[in-house]
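# Observations on the model geometry
Residues per chain, in single letters:
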Amino acid sequence: MKHWKIGVMTVAALAGLSLTACSNGSKNADSKDITMWVHFSNTDPEGKALAKNIKDFNKSNKHGYHATVKYIPRSGSGGGYEDKLNAAVNSGSLPDVLTLDGPNTAAYANAKIIQPVGQYITKKDDILPTIKAQGTYKGKLYAVGYSESSIGFYYNKKMFKAAGISDSELPTLSKPWTWDQFNAICKKLHDKYKTPILNMSLNDHSEMSLYSLAPFIWSAGGDITNKAGTKAVGYFNSKETASAVKFIQDLVKNKYTTVSPKDKGFETGKYAMLMTGTWEVQTLKTQYKNLDWGVLPYPVSPKTKKLVSPTGSWQYAMSSQAKNKKAAGALVNYLAGTKASYRTDMANTVLPARKSTSKLMLKQADEATKFFIKQNQQSGHARPVIVNYPQITRTFAETLQDATYKPNTDVQSLLNKQAKVMQKYLDQKN
Amino acid sequence: MNQKGWHKQVGWLYVLPALLLLLTFLIIPFCMSVNYSFTDYNMLTPGLKKFVGLQNYIQTLTDPVFIKSLRNILQFVVFIIPIQLGMALGLALIVNKKRPGNMFFKISFFAPNVVSLTVTAVLWMYIVNPDQGLLNNLLGLIHISPQPLLTSPKQAMFVIIGISAWQGAGYQMLIFLAGLQDIPHSLYEAAELDGANAWQRFRHITMPSLRPTTMMIMTTTLIAALNLMTQAMIMTQGGPDNATMTPIYYIYRTGFTDRQLGLASAMSVIYGIVIIFFTIIQRKVEGRAQKDD
Amino acid sequence: MVQIDLEHVYKKYEKAKDYSVTDFNLHINDEEFIVFVGPSGCGKSTTLRMIAGLEDISKGDLKIGGKRMNDLPAKDRDIAMVFQNYALYPHMSVYDNMAFGLKIRKTPKDVIDKKIKNAAKVLGLTEYLKRKPADLSGGQRQRVALGRAIVRDAPIFLMDEPLSNLDAKLRVSMRAEIAKIHHQLKTTTIYVTHDQVEAMTLADRIVIMKDGKIQQVGTPQEVYRHPVNVFVGSFIGSPAMNFCRVHLNGDHVVSDDGSMNFLLPEGRLKKLRQQGYQGKELVMGIRPEDIHAEQMFMETFPEDIATAEVTVSELLGAETQLYTNIGNNEVVCKVDSRDYVKPGVKVKLGFDMNKAHFFDPATEMTLD
């Protein structure tokens, strides 16, 4: 009577097989249907904007292309969405077009999850150079960002005044603070308030670390890797890099900032300054209306006086499994284009990725956003495009953590050690 | 076919669904893991994985971070078991006496357990914030200077131990409570008449009677402890200085963040062996305890 | 070996409406074996536990050796107790179970060893000393419980229904053991049971309780022969005393349906008349062994005969128990086995009126 066992198992196996078999529909090079996956929900402002953009694309494009979107809201920083992409890679069911976070460009390109899309992009000069740099790997444009980002130094006007800082001492985009001037301002504030007065999110060891602190290194003339992204030794532990890290370390040593800032400390009037991104503008405008605040640019290296600010955000890309490249490329081009990306940026209150959209946004933006747009275009520096980016950014974060948690650490020897660690990651063959 | 044969086949049929699940979600993935551990499998390029022999194993066993994570988890286990069990037993003893407001205490002791571990971790981060946190404020009241807590490599793990014990004790309190209530009241009366005071009654009656319960709780605590990841991930990201890096978190990071599935598979095989080792030790301890009964 | 005094002792549980023990007064002499007996819930165990210190005394005084003990915790009273379910420490061997109390009191090891070995010999436990309670039979466990009490050399033994969990045969043999031990050690003992046979066989004095109140205190003889009320009369003795309502008409007692009509002897008659019960209703109690079926009796007391219809006959060997109906009354009698009669048969029974008991129908107190 073994038939029983065999019978049941066969049925189970067949059921399993049939499930995997019915995965994708038919896909051929002439198909006018374009599938797209995005990392947000259709109820988000970004989702609603995209829905309108897709409708417009479907209506207006001359080839009869029809795009459909699947919304896969992410958890954490990419979480569920990236897992789905990874699963799709393995089962051959990637969509034609997908959204992609800046730092992942190299890895996805290298793994041939996405393919070059440059030939389908029109009006390339209108796209900001930092956006193009972010999406370029080994000389080819793989992804086009549709929004930009920046970091600013928000400051509490009342607390500044009470510490005796006059308006003339405030920096502008054309005349930012040098690190020495910045230290002097911090000292004034610290003398007045006796506690740390700046929140630099030093307790955040995620991507925020490299994103927000690398500009100091770049301003000093240092770097994380060479341009090709193959060498860290000699770059991450250069004298210039060390001077920037030391500057940050001294801020902790002098107790101007703290490694464990209180959440919402700036908004509640505890810290006089907060270094954070453009999203804070909305928070302050809606939840902390009573706070009198402004935004200031990055302090710059006293040697180079070069203003550097961070950049980068999500992009559109064409997957390697897109059969009708023309259609997919057309969608990417449309969505990253002026009209569509303008709608997205306005809905999400993020910075523009193109010169044309900047012009439009500057017309109606509030003071803070205007500042950010200008700082971004004047001084934006793209993050390194490296296949093993997660390991690099983590090593960066650990380095800064080591330097700041133990403020007496010798920065140069720390960087020497960590540059070697980074080099190992860069040397890994993938 | 005779009766016995029929019963056997039907028996197999009953077990079949569970067997299939076990196969699909445990045995097959485990075999696949062992398979991957000998390759350089990168998450983004599954088709390109190559056989690399023992390279991943050698790399793992010489990786100072992995070794540190093993030492960390050992430290965690050594402390969490007596602390959490002690707390659970203590709470159970308190709640076992008929007192007004007992229900309130039972609920509040158990409450931490129903809150998700992630939420617990986030909440505690506020409390243990070295600058503004409640804990340092309270220490200040008794003239202890503010402690670095999670920002100190020396203290970070102990902070996590404390928080984990706080979260887990409530559940085990209930189990201890059941065990306590199983002890016949007359044993205590006999001991009382024999002249035993409260401590002697606890030592000679309560503790021996609770031995099977204690063993069971020790096992479940050990298993949960070896799986430590959430607190490390949310509160410290394994730092500072990898002081709170745990094997499971490291495996997760290597596999999913760094995308090195081959290497992570080797790590999980090695850690699996470590867990088996712990299990054997724990069995021996339990066996000896049972013999004494 | 001490005296125990309970003076006006009351017990009321916190949320209860009524008292569980009411106005308990008793003086127990040194070396006495006292048995508290009564139906379930009569308060005998509660009283025992108050003496032990396991329950608080709501009102009244407990004195041991003349000293007031109410507030002294149980562990300081130097009392040994045997529990109904033995309460042996499951994780200790028999030896350690018995040694526990002595170890607590810091008795030197060699003294402990000697005491245990002695007690083990007396109780036949020597070969079981290393075993754990789970590996013993019920009877062996009971002996260990006894042994644990004995080695303590405590001046007072309390036993709470120690034989209730044993089978009938074991119960009989253990009864003898307990009696033997008491004879040897002469410790003041208070024994609680619901079994009146144990009470009768073991006690120096019996305390019969009902609903938290003492009904009667006396030696087994006294309690058997002179029950102070209907309850005591019915509780002591097996099979139980027969009761029926009768009227005192002239010098006869007559049952309501007339099926029983007996001549009372002079002395009894006088006493009843003196108490004013002529012509009044009475409760008559008569023990089964005081109802006879032999010819000899019938001829001697022809006025004390009734006709009974046998419903059940139990042949016990030496004697026979006959369950009969006399009119509307159920009457049990014990007769010699030679007088065995089959059910359904009508038989003549003689009632020994000298041994009959009379009680007031309202108060149920004895009129003897």
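None of the values given here were measured: they were computed from a predicted structure.

Reading the values: rules and limits
- Residues numbered from 1 in each chain as written.
- Chains lettered and ligands numbered in written order.
- Predicted model: local features only at pLDDT ≥ 70, side-chain atom pairs only at ≥ 80, totals over all residues.
- Heavy atoms only, no water.
- Pairing = 2+ DSSP bridges.
- Helix = DSSP H or I, 4+ residues; strand = E, 2+ residues; numbered from the N terminus.
- Axes fitted to C-alpha atoms, helices over the stretch in contact; angles between N-to-C directions.
- Phe/Tyr/Trp six-rings, centres within 6.5 Å; stacked < 30°, edge-to-face > 60°.
- Buried < 20%, exposed > 50% of the residue type's maximum accessible area, 1.4 Å probe, protein only.
- Lys NZ or Arg CZ within 6 Å of the ring centre and 35° of its normal.
- Contact = heavy atoms within 4.5 Å.
- Buried area = accessible area lost by both parts, 1.4 Å probe.
- Salt bridge = Lys/Arg side-chain N within 4 Å of Asp/Glu carboxyl O.
- Polar contact = N/O pair within 3.5 Å; in protein donor to acceptor, adjacent residues only side chain to side chain.
- Nonpolar A, V, L, I, M, F, W, Y, C, P; charged D, E, K, R; others polar.
- Domains from an automatic or database assignment.

Residue and element names in this part refer to chain C. With respect to topology, 6 strands assemble into an open sheet ordered 6-7-8-3-9-10, the strand pairing being mixed. Because the sheet does not close on itself, it has two edges, and the strands there are strand 6 (79-82) and strand 10 (213-218). Mean inter-strand twist for the sheet, computed between neighbouring axes without regard to direction, equals 20 degrees. As defined by bridge partners, strand 6 adjoins strand 7 (residues 156-160) across 4 bridges and the pair is classed as parallel.

Attention now goes to the packing of aromatic side chains. Counting across every chain of the model gives 36 aromatic pairs over all chains. Ring geometry for Phe 57 of chain A versus Tyr 334 of chain A: centroids 5.5 Å apart, planes at 55 degrees, classification tilted. In this pair, Phe 57 of chain A is assigned in helix 2 (residues 45-60) and Tyr 334 of chain A in helix 11 (residues 325-336), connecting sequence segments 277 residues apart. The class of Tyr 334 of chain A is partly exposed, set by a relative accessible area of 22%. Above the face of the Tyr 89 of chain C ring, Arg 148 of chain C is positioned so that its terminal group lies 4.7 Å from the ring centre.

Moving on, we come to the sheet that holds strand 14 (residues 281-286) of chain C. All names here are of chain C. If you trace the 5 strands from one edge of the open sheet to the other, you get 13-12-11-14-20, paired in antiparallel fashion. With partners counted over all chains shown, the strands left at the sheet margins are strand 13 (261-263) and strand 20 (357-359), one partner each. Ignoring strand direction, the axes of neighbouring strands in this sheet form an average angle of 35 degrees. Here strand 14 runs beside strand 20; their pairing, made up of 3 bridges, is antiparallel. Each residue of the ladder has a partner; that of Met 284, found in strand 20, is Phe 358.

What follows deals with the interface of chain B and chain C. On the chain C side, the residues contacting the 18 residues of chain B number 22 residues. Counting the surface lost from both chain B and chain C, the interface buries some 1,800 Å², and carbon and sulfur atoms represent 61% of this. Of all residues in chain B, the largest losses of buried area upon contact with chain C belong to Glu 189, Leu 193 and Asp 194 of chain B, amounting jointly to 39% of the total for that side. At the surface where chain B touches chain C, the tally comes to 2 salt bridges. In this assembly, chain B and chain C are joined by 9 residue pairs in polar contact (both at pLDDT 80 or more). Within the residue set of the side of chain B that touches chain C, elements represented by two or more residues are helix 8 (185-193) and helix 9 (198-209) of chain B. Per-element accounting of the side of chain B that touches chain C gives the leading share, 7 residues, to helix 8 of chain B. Of the residues contributing to the side of chain B that touches chain C, the split by class is 7 nonpolar, 6 polar and 5 charged.

Okay, unusual backbone geometry next. Looking along the chain, the bond that leaves Ser 238 of chain C and enters Pro 239 of chain C is cis, with omega of -5 degrees. In this fold, Pro 239 of chain C is placed in the loop between helix 8 (230-235) and strand 11 (242-249). In this structure, Arg 259 of chain B is a non-glycine residue whose phi angle is positive, near 70 degrees. In this structure, Asp 78 of chain C is a non-glycine residue whose phi angle is positive, near 55 degrees.

The subject of this paragraph is the interface of chain A and chain B. On the chain B side, the residues contacting the 35 residues of chain A number 30 residues. Interface of chain A and chain B: buried area, both sides summed, is about 2,700 Å²; carbon and sulfur atoms make up 54% of it. Applying the counting criterion to the chain A and chain B interface returns 3 salt bridges. The salt bridge involving Glu 398 of chain A is made with Arg 253 of chain B; its shortest N-O contact spans 3.8 Å. Counting across the interface, chain A meets chain B through 8 residue pairs in polar contact (both at pLDDT 80 or more). Put simply, the parts of the chain that give the side of chain A that touches chain B at least two residues each are helix 1 (3-21), helix 3 (79-91), helix 4 (105-110) and helix 15 (389-405) of chain A. With 7 residues, helix 15 of chain A is the largest single contributor of residues to the side of chain A that touches chain B.

Bringing the domain arrangement of chain A into the picture now. Residue and element names in this part refer to chain A. Entries for chain A in the domain assignment read domain 1 (30-148 + 312-381) and domain 2 (151-309 + 388-427). Contacts between the two partners involve 15 residues from domain 1 and, on the opposite side, 21 residues from domain 2. A buried area of about 1,500 Å², summed over both sides, lies between domain 1 and domain 2, and 63% of it is on carbon and sulfur atoms. Together, Phe 372, Gln 375 and His 381 form the three largest contributors to the area buried by domain 1 at its contact with domain 2, with a combined 36%. Between the two partners, domain 1 and domain 2, sit 1 salt bridge. Here Asp 366 ties to Lys 285 by a salt bridge, and the two come within 2.7 Å at their closest N and O atoms. For the side of domain 1 that touches domain 2, the secondary structure elements donating two or more residues are helix 14 (367-379) and strand 14 (380-381). The element contributing the most residues to the side of domain 1 that touches domain 2 is helix 14, with 8 residues.

Our focus in this paragraph is the arrangement of the chains. Highest in contacts among the 2 pairs of chains that touch are chains A and B. Taking C-alpha atoms as the reference, chain A and chain C come no closer than 45 Å and do not contact one another.

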